[in-house]
Amino acid sequence: MLQILFPYPYQIEVSKLRQQLNEAHLAWAKEWKARQDEFRIENIRFSHDPLWKKRIFSIQAAHDGKIWFWRATRVFLTWGVASI
């Protein structure tokens, strides 16, 4: 079926083009890596926030629902869904 759409000579041309593309990409990747500076990962530490669960916009606070804002949001959402 594919030989009807793509005769044999076209397949050879496509494979040659693919090989040239692979070679060009390999050459580009080598040159790009050679130009890159040495990458170092620095050990970055963040101070621990003991109140992270109680911050109003923390995901954990939204999940727990212990803050008035998220409780009110759940009430409004429940009423909105119930009215549908």
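Conventions and cut-offs
- Residues numbered from 1 in each chain as written.
- Predicted model: local features only at pLDDT ≥ 70, side-chain atom pairs only at ≥ 80, totals over all residues.
- Heavy atoms only, no water.
- Phe/Tyr/Trp six-rings, centres within 6.5 Å; stacked < 30°, edge-to-face > 60°.
- Helix = DSSP H or I, 4+ residues; strand = E, 2+ residues; numbered from the N terminus.
- Buried < 20%, exposed > 50% of the residue type's maximum accessible area, 1.4 Å probe, protein only.
- Salt bridge = Lys/Arg side-chain N within 4 Å of Asp/Glu carboxyl O.

Caption draft 1: Highlighting the packing of aromatic side chains. Under the definition given, this model contains four aromatic pairs. Considering the side-chain rings of Phe57 and Phe69, the 6.1 Å spacing of their centres and the 70° angle between planes classify their relative orientation as edge-to-face. Here Phe57 is found in the loop between helix 2 (8-35) and helix 3 (59-64), whereas its partner Phe69 is found in helix 4 (residues 68-83), with twelve residues between them in sequence. With relative accessibility at 69%, the residue Phe57 sits in the exposed group. Since its relative accessible area comes to 28%, Phe69 is described here as partly exposed. A centroid spacing of 6.0 Å and a plane angle of 90° characterise the contact between Trp68 and Phe69, whose relative ring orientation is edge-to-face. Taken together, Phe57, Trp68, Phe69 and Trp70 form an aromatic cluster joined through their ring pairs.

Caption draft 2: View of the pattern of salt bridges. In this structure the tally under the stated criterion is one salt bridge. Arg35 is the salt-bridge partner of Glu31, the closest N and O atoms lying 2.8 Å from each other. Residue Glu31 and its partner Arg35 are located together in helix 2, separated by four residues, close to a single helical turn.

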